[in-house]
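# Chains, contacts and geometry: an overview
Residue-level listing of the chains:
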Amino acid sequence: MDNTLSHLLMDWFTRHQRDLPWRRTYSPYHVWISEIMLQQTQMERGVEYFNRWMRKLPDVEALAEAREDDVLKLWEGLGYYSRARNLHRAACILCSVHGGCFPSTPEELQKLPGIGPYTARAIASIAFERDVCVVDANVERVCSRLYNIDTPVKNRDTRKRIEEICEALLPPGQARIFNQAVMEFGSLLCSPRTPGCPVCPVREFCAALREGVVDQRPVLRPPAKPIFLDMATGVLRREGRFFVQKRLSDDVWGNLWEFPGGVVEQGESPEQAVIREYLEETGLTVSRPAPIGRFKHSYTRYRITLHAFFVEAETVAPVALTAAQEYRWSTWEEVCSLAFPAGHRKLVEHLSLLRKFEMETNS
DNA sequence: TAAACGTGGGC
DNA sequence: TGCCCAAGTTT
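This structure is a prediction, so every number in the text was calculated from the model and none was measured.

### A word on the protein's contact with DNA strand B
- Lining the immediate environment of DNA strand B, one finds 21 residues, of which Tyr80, Tyr81, Val252, Trp253 and Ala342 sit closest.
- Of what DNA strand B places within 4 Å of the protein, 61% of the atoms are sugar or phosphate.
- One of the backbone N or O atoms of Tyr81 is found 2.7 Å from a phosphate oxygen in DNA strand B.
- Tallied by class, residues from the surface near DNA strand B come to nine nonpolar, seven polar and five charged.

Right, here's the structure in full:
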């Protein structure tokens, strides 16, 4: 029995690791997709999206050949949509430049869009068993407790110190297991709120536990203050089709679809806002806003109340887009097949219920 | 370097 | 108007 810190963590991992789809193959494609999906995402949700993704896009060639709209649809609801756009871009580069094969060094991997220092090292170690360590939020938390680090973990100097600690702990030839062990340990046992110190296999090594300050590690920066906004959006229906527009690619929710709308300004009603926004964004003059409902959703530091209306148009042409790259008059079936931001998706789900109710009362 | 980027779930 | 959290990257 090897009772070093590293081996105790790896022993714990072999006994307690979760059975995850990408751990069955450790293929570079599986590891890559899982790593990107799990960024800022909870494991449970990640697994569902991963399995659905692999049924549709089983390899890098399939991803490269897919339409970006379909890739975004597979990503719908996960957030941080540049991750999906970058996956698609990177797959195209891998196929056209690397013959569909992944580079195996962190340096080469990091040249691909969407792959930063963490993901490059994760793929290199977990898929290719390269001797490099990874530092994510779990690793930061575990290290800051084991070594009782009292400076903010996001500081550059602290960050460097944690990397050096991990490098020293990494057992040569075992990076695949060791890196996952620290992260899984951080996720399942050395968790943020209620760490399992009483049953911890490395409690003898933990300086924060010894000092009684586990709940004060890691030291985090204060969070940004939330911003509360009212937004208004309008569903314009004409001859059974719906007006939808595709957002600009460099904006939030880039390349996703939506109904036109925007922020309700000071002294303005949501009804006035939806009419103004339609004119500004599409050149269309709409009228008679009829309330559909209010939908709450949050993103980054924003807390949004979305006021949704049916609207009517005096004329349909010409359309002049200022906040979108493309528009369509979509059938309901097409609306369902497009990727919407979560707030607008809630609205679409509500419309879906309305349709069902209408069909039942008409029959 | 700090801010922006999304979302749903646990407590 | 709840707050904090989740396997980061980009600009």
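Read on for the rest.
### As for the UniProt feature "domain: Nudix hydrolase" (unreviewed entry) in chain A
- Taking the numbering used here, the UniProt-annotated feature "domain: Nudix hydrolase" (unreviewed entry) corresponds to residues 226-353.
- Here residues 226-353 runs as 24% helix and 45% strand, with 32 Å between its end C-alpha atoms.

### Regarding the protein's contact with DNA strand C
- In the neighbourhood of DNA strand C, 28 residues make up the surrounding shell, with Gly114, Asp136, Asn138, Pro192 and Phe228 lying closest.
- Among the atoms of DNA strand C close to the protein, meaning within 4 Å, 62% are from sugar or phosphate groups.
- Arg23 is positioned such that a nitrogen or oxygen atom in its side chain is 3.1 Å from a base nitrogen of DNA strand C.
- A distance of 3.5 Å separates a base nitrogen of DNA strand C from a polar side-chain atom of Glu184.
- Breaking the surface near DNA strand C down by element, the ones donating at least two residues are α2 (28-38), α8 (117-126), α9 (137-146) and α11 (175-188).
- Counted by class, the surface near DNA strand C contains 13 nonpolar, nine polar and six charged residues.

### A closer look at helix α13 (residues 270-282)
- Relative to the 18 Å expected for 13 residues at 1.5 Å per residue, α13 spans 18 Å between its end C-alpha atoms, a close match to the ideal helical length.
- Where α13 is buried, its residues meet β1 (227-238), β2 (241-247), β4 (261-263), β5 (286-299) and β6 (302-313).
- Count one or two residues on from α13 and you reach Gly283, which has phi positive near 80°.

### Examining the pattern of salt bridges
- By the definition in use, this model includes 21 salt bridges.
- Across the pair Glu334 and Arg328 runs a salt bridge, and its minimum N-O distance is 2.6 Å.
- Relative accessible area serves as the criterion here: at 25%, Arg328 is assigned to the partly exposed category.
- Each of the salt bridges in this network shares a partner with another, and the network as a whole consists of Lys73, Glu76, Arg345 and Glu349.

### Considering the pairing of β1
- Note: β1 against β6, ten bridges, orientation parallel. For Gly234, the partnering residue across the bridge sits in β6 and is Phe309.
- Judged from the three bridges that link them, β1 and β4 form a sheet pairing that is antiparallel. Residue pairing for β4: Met231 is matched across the bridge by Val263.
- Across two bridges, β1 lies against β2 in antiparallel orientation. Following the sheet pairing, Arg238 is matched in β2 by Arg241.
- Linkage of β1 to β2, two consecutive antiparallel strands, is achieved through a turn of two residues, within which Glu239 is found at a positive phi near 50°.

### What to know about the domain arrangement of chain A
- Here the domain parsing of chain A yields domain 1 (3-216) and domain 2 (227-362).
- Between the C-alpha centres of domain 1 and domain 2 the distance comes to 37 Å.
- Contact with domain 1, which involves seven residues of that partner, is made by 14 residues of domain 2.
- Interface area, domain 1 with domain 2, both sides summed: about 850 Å², of which 45% is carbon and sulfur.
- The residue Arg345 makes a salt bridge to Glu76 at a minimum N-O spacing of 2.9 Å.
- Summed over the shared surface of domain 1 and domain 2, the number is seven residue pairs in polar contact (both at pLDDT 80 or more).
- The dominant element in the side of domain 1 that touches domain 2, judged by the number of residues it contributes, is helix α5 (residues 68-75), at four residues.
- In terms of residue class, the side of domain 1 that touches domain 2 is made up of two nonpolar, no polar and five charged.

Conventions used here
- Each residue is numbered by its place in its chain's sequence as written, counting from 1.
- Note on labels: chains are lettered from A, ligands numbered from 1, in written order.
- The predicted origin of the model limits local features to residues at a pLDDT of at least 70 and limits the giving and counting of side-chain atom pairs to 80 or more, whereas totals for whole chains, interfaces and linings rest on all residues.
- Water and hydrogen atoms play no part in the side-chain values, which are based on all heavy atoms of the structure.
- We call a residue near a molecule or strand as soon as one heavy atom of that residue lies within 4 Å of the molecule or strand.
- In protein, a polar contact requires one atom able to donate a hydrogen and another able to accept it; more generally it is a pair of N or O atoms within 3.5 Å, and residues adjacent in sequence count only if both atoms are side-chain atoms.
- Residue type decides the class: Asp, Glu, Lys and Arg count as charged, Ala, Val, Leu, Ile, Met, Phe, Trp, Tyr, Cys and Pro as nonpolar, and the leftover types, Gly among them, as polar.
- UniProt positions are given in the numbering used here, feature names are shortened, and annotations may be inferred rather than shown by experiment.
- Going along the chain from the N terminus, every DSSP run of H or I of four or more residues is numbered as a helix, and every run of E of two or more is numbered as a strand.
- Expected helix span is computed as 1.5 Å times (number of residues minus one).
- The contact rule is simple, with two residues in contact once any of their heavy atoms fall within 4.5 Å.
- Should a side-chain nitrogen of Lys or Arg be within 4 Å of a carboxyl oxygen of Asp or Glu, the pair is scored as a salt bridge.
- When accessible area is computed with a 1.4 Å probe and restricted to protein chains, residues below 20% of their type maximum are described as buried, those above 50% as exposed, and intermediate ones as partly exposed.
- DSSP bridges decide pairing: two strands pair if at least two such bridges lie between them.
- Segmentation into domains, and thus their bounds, comes from an automatic or database assignment.
- A 1.4 Å probe defines the accessible area here, and the buried area is the portion of it lost by two parts on being joined, summed over both.

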